[in-house]
Amino acid sequence: MSKKEFVDAYAKATGETKKRAEELVNQFLDTVEESLLKGDSVQFVGWGTFEVKERAARTGINPQTKEEIQIPEKKVVKFKVGKKLADNVAEGK
């Protein structure tokens, strides 16, 4: 599902206009991003948690040249699925 499709479905489910639904979705995404940039995790009980993790520096291999390369450390966003969502997906609900 694309963002546009999600906005359309959200508008239909909430009775909002598509324009208002897009504003709300964008504000939601911006709020999640701002929280992650501050180093906070974002948790939706039963659904899942977004959090920033440090990925350590490591040695990799360039697939074209087969040379070893140093991959620097960086921050990445991780999502840990909640039990309720995991169970619903597993059961096909």
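In this text, all values refer to a predicted model and were calculated from it rather than measured experimentally.

Student: What exactly am I supposed to notice about the overall build of the protein here?
Tutor: In terms of regular secondary structure, the protein is built from 3 helices and 5 strands. Starting at the N terminus, the α and β elements of the protein follow one another as α-α-β-β-β-β-β-α. At 19 Å, the protein has a C-alpha radius of gyration far larger than the 12 Å of a compact globule built from 93 residues. Expressed along its principal axes, the backbone C-alpha trace of the protein runs to roughly 55 × 30 × 30 Å. Across the 93 residues of the protein, 14% fall into the buried class. The contacts of the protein with a sequence gap of at least 6 include a subset with a gap of at least 24, amounting to 30%. In the protein, which carries 18 positive and 16 negative side-chain charges, the distance between the mean positions of the two groups comes to 4 Å.

Student: Would you mind going over the layout of surface pockets with me for this structure?
Tutor: A probe as big as a water molecule, rolled over the atoms, marks out the empty space that is left. Here the largest pocket is characterised by a volume of approximately 210 Å³. Residue lining of the largest pocket: Phe-6, Tyr-10, Leu-24, Val-25, Phe-28, Leu-29, Val-32, Glu-33, Phe-44, Trp-47 and Phe-50, and that is the complete set. For the lining of the largest pocket, the secondary structure elements donating two or more residues are α1 (3-14) and α2 (18-37). In terms of residue class, the lining of the largest pocket is built from 10 nonpolar, no polar and 1 charged.

Student: Mind showing me how you'd approach the side chain of Ser-35 here?
Tutor: One can find Ser-35 in helix α2. Not counting residues within four places of it along the chain, the set of residues in contact with Ser-35 comprises Asp-40 and Val-42.

Parameters and conventions
Residues numbered from 1 in each chain as written. Predicted model: local features only at pLDDT ≥ 70, side-chain atom pairs only at ≥ 80, totals over all residues. Heavy atoms only, no water. Helix = DSSP H or I, 4+ residues; strand = E, 2+ residues; numbered from the N terminus. Rg over C-alpha atoms; globule rule 2.2 N^0.38 Å. Buried < 20%, exposed > 50% of the residue type's maximum accessible area, 1.4 Å probe, protein only. Contact = heavy atoms within 4.5 Å. Lys, Arg positive; Asp, Glu negative; His and termini not counted. Charge placed at Lys NZ, Arg CZ, Asp CG, Glu CD. 1 Å grid on protein atoms, 1.4 Å probe; cavity = no way out; pocket = protein on both sides within 12 Å on 5 of 7 lines; lining within 4 Å. Points joined across faces, edges and corners; volume = space filled by probe spheres on them. Nonpolar A, V, L, I, M, F, W, Y, C, P; charged D, E, K, R; others polar.

In short, the description is geometric, and any link to function would need to be established separately.
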